[in-house]
Structures are given as C-alpha cells and as structure tokens.
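Each chain, written out:
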Amino acid sequence: MNAKSQRLMFVAAGAVLLGIAAWLVSTALRDNIVFFFTPSEIDAQHYEAKRLRVGGLVAAESLNIDGLIANFIITDDTAQIAVRYEGALPDLFREGQGVVAEGRFDQKRFIADTVLAKHDETYMPREIADKLKEQGVWQGADSK
Amino acid sequence: MIAIIELGHLALIIAAALSFAQALLPILSLSGKAQIARILQTSCMGLVFFSFGALVHAFISSDFSVALVAQHSHSLKPLIYKISGSWGNHEGSLLLWIVILVLFGGIFAQTSKALPARFVTLTLSVQGTVTLGFLAFSLLTSNPFERLVDPPLDGRGLNPVLQDVGLALHPPMLYLGYVGLSLAFSLAVAGLIDGRVDKAWGRWTRPWVLAAWSALTIGIALGSWWAYYELGWGGWWFWDPVENASLMPWLAATALMHSVLVVEKRGQLRSWTILLAILSFSLSLVGTFIVRSGLLTSVHSFASDPSRGVFILGILLFAIGIPLLLFAWRGPQLAQSSDAALASRDTALVVNNMILVVATAIVLIGTFYPLGLELVSGARITVGPPYFDATFNPVMALALIGMVIGPVLMWRGGSLPKARQTLIIAGISAIIVIVLSVMLITDISAAGIAGIGLLGWLAFGMAADMQRQLKFHQPTQLSKRLTTLGLPIWGVWLGHLGMAVFLAGALGDGIARSEATIRAMPGDVITLQDRQYRFEAIENNLGPNYQTVTARLALETLDGSDIAILKPEKRFYPAEGQTTTEAAIRPTLSGDDYAVLGDGDATQGYTLRLYHKPLISWIWGGAGLMAVGGIFALAGRSRRKLVS
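This write-up is about the structure you can find in this document. (Residues numbered from 1 in each chain as written. Chains lettered and ligands numbered in written order. Predicted model: local features only at pLDDT ≥ 70, side-chain atom pairs only at ≥ 80, totals over all residues. Heavy atoms only, no water.)

Moving on, we get to the packing of aromatic side chains. Going through the model one piece at a time under the given rule, you end up with 27 aromatic pairs over all chains. For the pair Phe35(A) and Phe37(A), a centre-to-centre distance of 6.4 Å together with 20 degrees between the ring planes defines the contact as stacked. Assessed through its relative accessible area of 29%, Phe35(A) is described here as partly exposed. Taking the relative accessible area as the measure of exposure, Phe37(A) reaches 12% and is therefore buried. On the basis of an interplanar angle of 35 degrees and a centroid distance of 5.0 Å, the ring pair of Trp97(B) and Phe134(B) is categorised as tilted. (Phe/Tyr/Trp six-rings, centres within 6.5 Å; stacked < 30°, edge-to-face > 60°. Buried < 20%, exposed > 50% of the residue type's maximum accessible area, 1.4 Å probe, protein only.)

What follows is the structure, given as structure tokens:
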C-alpha cells in the first residue's frame, strides 16, 4: 500500500473514531446532565420525576431526623422546598448553612439520594453563593 | 532588622529578574552562549529554593506576623502538617509550582552539556519565559510573604481535611508531573524555533516526558487514595472538575510518551509530537486555571479570586497562542510521509494517539460543558459520572485492546515471531472470562461483562507476550534472556500490566462491592454479606489537636470469630471549629473493610456506613506499577546511552 492511500486510511479511521465519540458525547450530554435550581426557580410539577439538584440554605429549625431519614427544608428566602433524605448526612450539614440536594420530586416533596454540604468554612457551592448574592441573603464572607 | 521572610521575598524578585534576562537571551543574539543560560537558570533555581525555604521556615517556627502563616497554620499543629501547610494554600502551592519549574530547568541546564548550545539556550529561554510568568503571578497577585501589621497570637489553622499524610505528598508529586511537562513544552517550542525536530530531539525529550508522566501518575493516584480514605464516602474517583484537571494532562502526556518514541526510533510523527507537547503543558495550565480561578464548582477549590483567574487566563492564552502560531508557521515543514506498513508498531502508536486525544477531548467537553451552557443559556447543570461512563469508558476500552496489539508488532511492518499466537491466547482468554463471569456473577451489567473481558484480554495477552519473549519453560537460559532483553521492554510490560491491575481493582469495587447504612446502638450486630460488625461501644478520646467520638466495632466472621477491631471516628478541631469524619479501613490485598461513623447520640443511636470493597487497593497498586514502568523505560534509556 502506498503512502498516500495509507494516509487516507488514517484520516478515515480518525474520522470514524471522532464520529463515534461525537455521537457518544452528544447522547450522553442529552441524557445524563443534571439541572440545578433554587427553590424560587423551580416548578415542581414541571420537573416531576426528573433528576435534579436543588440548592439553598437549610431553613432554621426545619431539620427533623428520625432514624436514617432526615426531613428538612431548603430555602432561598423566597420559596421553600421540603426535602426527604435517607442516609448519612455530611459533616458540615447544619441548619442555616448552604446545601445542595440531588434527587427527584415526588408530588411536592423532593426525595434526595445525595446531599452535599459546603466543604469548608470558606467554600460554598458556587451555584448557591451566586443565587444568595443575587437575592441579597448571602451570609458568608465575600470570596477572598 | 531584615528577617528571613523579607530575604525570601527579595530572592523571588531577583529570580524574576534573572528569568527575564534568561528569556531575552535569544533576542540579544546570545543564542550560542549556552553557558550564560545555564548560569542564569541555576542561580534562579537557587534563589527560588531559598525563597521556598524561607516560607517553610516561617511555617515551622509559627511566625504569625506572616499573613499566610496566620491564616493557614497553628502553633499546636504537628510538625509535618506545619511543613505541608506551607503548600496547603493558594500562595504557597503556587510557590511550590515555581520551585518545580526551576528544578526541571536547573536539572536540564546541568545535564545538557552534550546538546547543541543554540538548542539549549532556546530551551532555557522558553523555560525562563514560563518561569517569569509564574513569578510575576506570584509576586503581583499572590505574594506569600505578606506581613501583618498586627500579628495574632495564634493562627487560624489548616483545614483539618487537609491535615493528612496522603495530602501532604499529593501536591508535590502532582506538580512534579504537571510542571515537569513544562520542559517537554520548552523543548518542543525550541525545536520549532530551531527548525530541528529529528531523532536526536526525540532522544533528548523522551526522558523528561517519562519522568513527568510517572510523577503525574503517582500524584493522581495519591489524590485518589486520599479522597478514598479521607472523604469517607468510599469512592475513589468522582469526575470532579479538579480531578479532571489532572486527568487531561495525564491522557495527553500518555499520548506524548508514545509518540515521542516514534520520533526517537523512526523520525516520524514529528509535527504531531510537537503539537502534543504544547497541548500537554497547556492542559496542565488549564488545570491550574480551573483550580485557582474557582470558575468551576469543585469540592477541592481554593478560595476563588477573579483577578487571579484573569492572570492565569493571560498566561494560558500566551502559552498556548504563541506556540500554536509558531506551529502553524513552522509545523508544515516537519511533515513527511511514512514508509511503514499498515500492520506495524508505527500504525499502532498512531491509533493509540488518536484514541487518547479523543479521550482527552471527552473529558474536556464534560468538564467545560456546564460553564459553556451557563454562559449561553443561563441554565446551571452538572455533568456527572453517568456522562463519563457512557463516553470515556468505551473509548478507553479501545486503548486497552490496543495495549496488547501494539507491543507485538514491529517497527515499519510485520509482526514479531509468534505474535499471532499471543493475540489468539489473549482473545480466547477474554472469551473464557466473559463466559465465566456471566455464569458465576449474578446481576452483572453489560459494562461489567465488557470490563472483565477486557481484563482477561489484557492480563493474559501481556502474560503470553512475556512468556513468548522470556520462555519461562526453559529456565536454564532465563537469566541470559533477561539481561539481553534490557529494561525498556519491562517498561512496556509493567506499564501495561499496571493498567490490568488497575482495571481489576476498579472492576472488583464496581461489580462486587457491598454496603449498608444503618442507625445502630452499642450492642447491635450488623451483618454485611459474609461478615458481621459487633458495635461494642462509643468512646471519647483526645488527639494532638482534636477531640473524638469513636465507635468501637468488632469485625467478625458470621460464626463469631474475630477478624479485627475497626474504630471509625468523628474529630472535632477546636482551633478551626470543624468536624471531620475519619473512616476506619482494614486494607487487605483481597479487599478493604471500610467503616464510617455518622451523626447520632446515645438516645437516637448512631449512623454507621459499612462497606466491603473487593480488590480496591489494586487501583492504586496498578497506578504505582504503571509509574514504575515509566521509570524502567527511563532507566533503560539512560543505561543504553552509557553503553553506546
């Protein structure tokens, strides 16, 4: 096989590989992404049963732990979402602190299977920080 | 009185001036004077080392008049974490980055005596430019030596999650890899300017790529290991933007490591290799940008600062843009046609590179897609593990198939004797393990079956290749064969077998893991598959700078004979006002027992998370084996140089 047709083969193989990869990526980006909302943005009915992340502050005196099940309310001071989570809560989970819950709406209640709290004292998920700053309820220090 | 801290600051400023001079050498038509470049680079290295030493000294001596020490250290912290605290923050880790930048430059300056003077000067000039950029970044936006007018009595402490041996070592190793790629970058740009990219260039460049790649492999593995035992969720890879930031340069450097071999052996793929060298280091810079700018949400981010992000973006555009323009201008001159047959090692390595570059692109898209979408539509999204499972894994599966085929083909064309036999053995083994896994493992997913098939193909393929070349069944001549084969082939074997070991670990944990989350009281017995945990008691203890709540769990077989005592705990750090979770792990070769204590009290009971994770330590063992493979390839290379 001469050099020219060989180079053609490589280009063809590369194009096929790229095509397959592009197809995989576009399918995966359509099916596997998770949208993020704050309580005031979300229309629970519209997103019934879709996998989502919701974030905000854990409302004061809303946490109720019964065995492994934690019920609490996420708020952005405009709207609230009742969350039910079964499992171990992260160390930094506290009332009044930022939190992101991942899961699905069932009726009006959000059934979370993952709960993320801010990772250290200077960190808060950016999604929440932005939202809270927008709404003027940001409590943390300004990012250094 | 001028204190050591001010001297450290001064040293950094002088180092910046020297780097500036070093960068300008070619413009001053001093390209032939490699000796000047060497002296500048070596002095710059000495000054930066001194500067870093001054910072570490301030941390060890708890000098809280230095702002950085006051913010990130505490007098009661154990010595090792005082030291590692000096790079456990943005300013200090940036200085560590520069330390490694000048270290690589300095070693190159001292080991390049046999290389052409003009080429050495050009390389050091590029390295000096990069160093200058980062020194300016440090001095202008992130000065680690800032003093406080009113020093506090004690520091604010280091984030307790970071007070850990794995994390003390993770940044230096990772940076050795990230920043080590800077030298491959400098060599590539120098080669482009010089118009000389040939087999000799490949021979000079490959050791630096191998060294950086091995360090990067270990650095990533340490980070993953840390996340596994410290974060307490039992996971070892989260597809977090910061993890992706280290994976992208690793994938590109893996491609580079293979393509620079083609340049060295065959003088082919020259322009492609140059491009890869530029891209690999650019991806290191992109990684830095991701971590430092706080642009992408991550559990690892340092506190973000937009002005720093803009500065790094500037360095990034400069470091990618100018070499790429240079490449567009000079690159076409390097193109040449190949005389290799289709079934050749040359072809296999081209395919390897295609696959790895596509895999890099997949990670890049997954990492930046949320940012792009937010800019375009305002929607906030997360791209998580399902995306990467669906895209990255199948593409890397192709790479794993090729890891058996490439080594049995010959340069230019044809296959080694009995290569076909090796591939047949690998193929049959893959089919047998697939059939066995379907029969023996209940509820196994299609991806799990495919993974096991790949593992069979790779492990038995490599074993067959070793048997073919070493002939274990004729032990009398084994030692002779071992010496004539040399170290480079061991680099291939260990590197590729390391991948098989890694895959075995990932599959063991992915397919056969068992876990339970429960609320329990002292006295309860919890069963997890073929073992049980007896919750004996809750204890309260005192550590050097923390208080604990510790659960005492007796791990037993189902008939009650003891295996081990596990003590997961929660630690409260008064200095930082933080609580951390310390998982209790009993690591064995066949699998880890992993217990975590959650929230709770004496009336409600305590949350316990218990896991059994088969083969999980093979993940890091495999990564270590790969790095050893890289070091063997490096050692084999330098030994051959001594012989010839």
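Attention shifts here to the nonpolar core. Counting 170 residues, the largest nonpolar core has Trp97(B), Phe134(B), Trp201(B), Leu251(B), Ile274(B) and Phe392(B) as the members making the most contacts within it. The dominant element in this core, judged by the number of residues it contributes, is helix α8 (residues 199–230) of chain B, at 15 residues. When sequence neighbours within four positions are dropped, the list of residues in contact with Ile274(B) reads Ala188(B), Leu192(B), Val197(B), Trp201(B), Phe327(B) and Leu334(B). Counting 22 residues, the second-largest nonpolar core is a separate cluster that includes Leu52(A), Val83(A), Tyr85(A) and Val115(A). (Core = buried A, V, L, I, M, F, W, Y, C linked by side-chain atoms within 4.5 Å. Helix = DSSP H or I, 4+ residues; strand = E, 2+ residues; numbered from the N terminus. Contact = heavy atoms within 4.5 Å.)

With that settled, consider the pattern of salt bridges. All names here are of chain B. Under the counting rule described, the total for this entry stands at 23 salt bridges over all chains. A salt bridge links Arg118 to Asp194, with the nearest nitrogen and oxygen atoms 2.8 Å apart. Note that Arg118 is positioned in helix α6 (residues 117–141) and Asp194 in helix α7 (residues 165–194), a separation of 76 residues in sequence. Using a relative accessible area of 39% as the deciding quantity, one classes Arg118 as partly exposed. Residue classification places Asp194 among the partly exposed residues on the basis of a relative accessible area of 22%. In this structure, the salt-bridge partner of Asp593 is Arg531, at a minimum N-O distance of 3.0 Å. (Salt bridge = Lys/Arg side-chain N within 4 Å of Asp/Glu carboxyl O.)

Residue and element names in this part refer to chain B. It is at 8 Å that the axes of α8 and helix α9 (residues 241–266) come closest, and there the two elements cross at 155 degrees. Classified by the angle between their axes, α8 and α9 sit roughly antiparallel to one another. Handedness of the crossing formed by α8 with α9: left-handed. (Axes fitted to C-alpha atoms, helices over the stretch in contact; angles between N-to-C directions. Parallel < 35°, antiparallel > 145°, perpendicular 65-115°, else oblique. Left-handed = near helix turned anticlockwise from the far one by under 90°.)

Residue and element names in this part refer to chain B. If you trace the backbone, Val69 turns up in helix α3 (residues 67–72). Given a relative accessible area of 0%, Val69 falls into the buried group. Sequence separation of Val69 and Leu436 is 367 residues, and the distance between their C-alpha atoms is 58 Å. Discounting chain neighbours no more than four positions away, the residues touching Val69 are Ala58, Phe59, Ser62, Asp63 and Phe64.

Before going further, it helps to spend a moment on the sheet that holds strand β11 (residues 605–614) of chain B. Residues and elements named next belong to chain B. In spatial order, the strands read β2-β11-β10-β9; together these four strands make up an open sheet with antiparallel pairing. Looking along the sheet, the strands with just one partner apiece sit at the ends: β2 (514–520) and β9 (584–588). Pairwise comparison of adjacent strand axes, ignoring direction, gives a mean angle of 10 degrees for this sheet. Across nine bridges, strand β10 (residues 591–601) lies against β11 in antiparallel orientation. (Pairing = 2+ DSSP bridges.)

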